[in-house]
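Examination of the molecular architecture
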Amino acid sequence: MATSNASNALCSTFYLTGIPGYEEFHHWISVPFCLLYLVGVMGNCGILHIVRTDPRLHEPMYYFLAMLSLTDMGMSLPPVITLFRVLWSISREIQFNVCVVQMFLIHTFSFTESSVLLAMALDRYVAICHPLRYATILTPKLIAKIGIAALLRSAIALIPLLVRLAFFPFCHSHVLSHSYCLHQDIIRLACADTKFNVIYGLVVITMLWGLDSLGILVSYAFILHSVLKIASREGRLKALNTCASHICAVLILYVPMIGLSIVHRFAKHSSPFIHVFMAHIYLMVPPVLNPIIYSVKTKQIRQGLLHLVLSPKISSTLM
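Structure report, in brief.

Cut-offs and rules
- Residues numbered from 1 in each chain as written.
- Predicted model: local features only at pLDDT ≥ 70, side-chain atom pairs only at ≥ 80, totals over all residues.
- Heavy atoms only, no water.
- Helix = DSSP H or I, 4+ residues; strand = E, 2+ residues; numbered from the N terminus.
- Rg over C-alpha atoms; globule rule 2.2 N^0.38 Å.
- Contact = heavy atoms within 4.5 Å.
- Areas by Shrake-Rupley, 256 points an atom, 1.4 Å probe, with all protein chains shown as cover.
- Lys, Arg positive; Asp, Glu negative; His and termini not counted.
- Charge placed at Lys NZ, Arg CZ, Asp CG, Glu CD.
- Phe/Tyr/Trp six-rings, centres within 6.5 Å; stacked < 30°, edge-to-face > 60°.
- Buried < 20%, exposed > 50% of the residue type's maximum accessible area, 1.4 Å probe, protein only.
- Core = buried A, V, L, I, M, F, W, Y, C linked by side-chain atoms within 4.5 Å.
- Salt bridge = Lys/Arg side-chain N within 4 Å of Asp/Glu carboxyl O.
- Disulfide = S-S within 2.5 Å.
- Expected span 1.5 Å × (residues − 1).
- Axes fitted to C-alpha atoms, helices over the stretch in contact; angles between N-to-C directions.
- Parallel < 35°, antiparallel > 145°, perpendicular 65-115°, else oblique.
- Left-handed = near helix turned anticlockwise from the far one by under 90°.

Within the chain, the regular secondary structure consists of twelve helices and two strands. Scanning the chain from its N terminus toward the C terminus, one meets helices and strands in the order α-β-α-α-β-α-α-α-α-α-α-α-α-α. A compact globule built from 319 residues should have a C-alpha radius of gyration of about 20 Å, and the chain, at 22 Å, falls within 12% of that. Dimensions of the chain along its principal axes, counting C-alpha atoms only, are 65 × 50 × 35 Å. Sequence separation of at least 24 residues holds for 79% of the intrachain contacts in the chain that already meet a minimum separation of 6. Accessible surface for the chain amounts to roughly 16500 Å². Of this, 72% is attributable to carbon and sulfur atoms. Computed over 22 positive and 12 negative side-chain charges, the inter-centroid distance for the chain is 9 Å.

Rendered as structure tokens:
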């Protein structure tokens, strides 16, 4: 019986939803989404290129920034593919196995981004509280291990949820609430006891996002304690200014994420447009805003991006 359920689930077809109530404007709505995605991709690819090619940026802070750019693109690419398929009226259908892979990638990179932000908070803590030991503590080998551990932790934690999904019969409507697959959206369509997935999902969120956010708060408590010991006001402001970009990145990820969780759990009967709007903000805004914030607040990144944009124009003028 379990084998039959698994076979039925794997053969299931789900139907994605665009922007409810605005179906006739989907082609026009796709334009700002396309522009946002292109801005995000160009900004994050620019940061990756600058960090890789500029020897001055071969430091822990910029390695972690490169990780943030990778997770941003990893989190935004899977939903964008099906989003444009829906908005351009190519197809609303998605097979169950493809849906699970997409869900796995979205949630994995979302959890990984949270871990990277924790690592960046620890980077700021070491830089401000232990500046003389900064290079010896955060070695390239340790940074690579942190990145791999963050990715593996996020991926392994999701495996039990994916395994359980394969054995759920889906006898209700197969219409999903979004233009991509999320775990909380799929389990509401299952005709089975989903208590394990609900409880385990809450545990995973608490253990990953909860511990990451707690670690970030503790890091900043130590940073603030250390900054207040600095005698001059200029010194305190300079130290805090090095954390401004990271604080913005944390808010950009956690505020939409918390908002989406609240909407899914406590506003189930609200307008579908609100659910869709919050979900797209959660996945599309961080990849767009993070490169902008870091290019504005970080001199080296700003100079690198300007050089990357202006140097071809200068070369063509000279020719």
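With that settled, the discussion passes to the packing of aromatic side chains. Within this structure, the stated rule accounts for seven aromatic pairs. Ring centres of Phe84 and Trp88 lie 4.9 Å apart, and the angle between their planes is 15°; on these two criteria the pair is classed as stacked. The exposure class of Phe84 is buried, given its relative accessible area of 8%. The partly exposed category is assigned to Trp88, whose relative accessible area is 40%. For the ring pair Phe196 and Tyr200, a centre distance of 5.4 Å and an interplane angle of 15° mean the geometry is stacked. With Phe196 and Tyr200 both in helix H8 (residues 195-227) and four residues apart, the pair spans about one turn of that helix.

By size, the foremost hydrophobic cluster in this structure holds 53 residues, and its most contacted members are Leu68, Leu117, Ile216, Tyr254 and Ile301. Listing elements by their share of this core, those giving two or more residues are helix H2 (26-53), helix H3 (60-87), helix H4 (96-129), helix H6 (140-165), H8, helix H10 (244-266), helix H11 (272-297) and helix H12 (299-318). Setting aside its immediate chain neighbours within four residues, Leu117 contacts Leu68, Ile216, His246, Ala249, Val250, Leu253 and Tyr254.

Turning to the pattern of salt bridges, a few remarks are in order. Evaluated as defined, the whole model comprises four salt bridges. Between Asp54 and Arg56 there is a salt bridge whose closest N-O contact spans 2.9 Å. For the salt bridge of Arg124 with Asp123, the shortest nitrogen-to-oxygen distance reads 2.9 Å.

Below, the discussion takes up unusual backbone geometry. Phi is positive for Ser89, close to 60°, though the residue is something other than glycine. Along the polypeptide, Ser89 turns up in the loop between H3 and strand E2 (93-95). Its relative accessible area of 57% is what places Ser89 among the exposed residues.

With that out of the way, let us pick up the state of the cysteines. Formally, a disulfide is one covalent bond, and it connects the sulfur atom of one cysteine to the sulfur atom of another. Throughout the structure, instances matching the rule amount to one disulfide. In this model Cys99 forms its disulfide with Cys181; the gap between the sulfur atoms is 1.9 Å. Looking along the S-S bond of the Cys99-Cys181 disulfide, the torsion reads about -120°, which is the left-handed sense. On the criterion of sequence distance, the pair formed by Cys99 in helix H4 and Cys181 in the loop between H6 and helix H7 (183-187) is long-range, its members being 82 residues apart. Since its relative accessible area comes to 0%, Cys181 is described here as buried. Unpaired in this structure, Cys34 has its nearest cysteine sulfur neighbour in Cys45, at a distance of 15 Å. Cys243 supplies the cysteine sulfur nearest to Cys248, a cysteine that is in no disulfide, at a spacing of 11 Å. Of the residues examined, Cys248 reaches a relative accessible area of 33% and is grouped as partly exposed.

Now for H2. Taking 1.5 Å per residue as the helical rise, H2 with its 28 residues ought to reach 40 Å, and the 40 Å between its terminal C-alpha atoms agrees with that figure. Along H2, the positions that sit buried rather than exposed are His26, Ile29, Ser30, Phe33, Tyr37, Gly40, Gly43, Asn44, Gly46, Ile47, Ile50 and Val51.

Now for H4. Taking 1.5 Å as the rise per residue, H4 with 34 residues should run 50 Å; its terminal C-alpha atoms sit 49 Å apart, in good agreement. With respect to burial, H4 is a largely interior element, 24 of its 34 residues being buried.

This part takes up the environment of Val285. The topology assignment puts Val285 in helix H11. The spacing of Val285 and Asp72 is 213 residues in sequence and 9.5 Å in space, taken between C-alpha atoms. If near-sequence neighbours (up to four positions away) are discounted, Val285 is found in contact with Ile252 and His280.

The N-to-C vectors of H2 and H3 enclose an angle of 160°; their axes lie 9 Å apart at closest approach. In this view, H2 runs roughly antiparallel relative to H3, as classed from their interaxial angle. For the pair H2 and H3, the crossing hand works out as left-handed.

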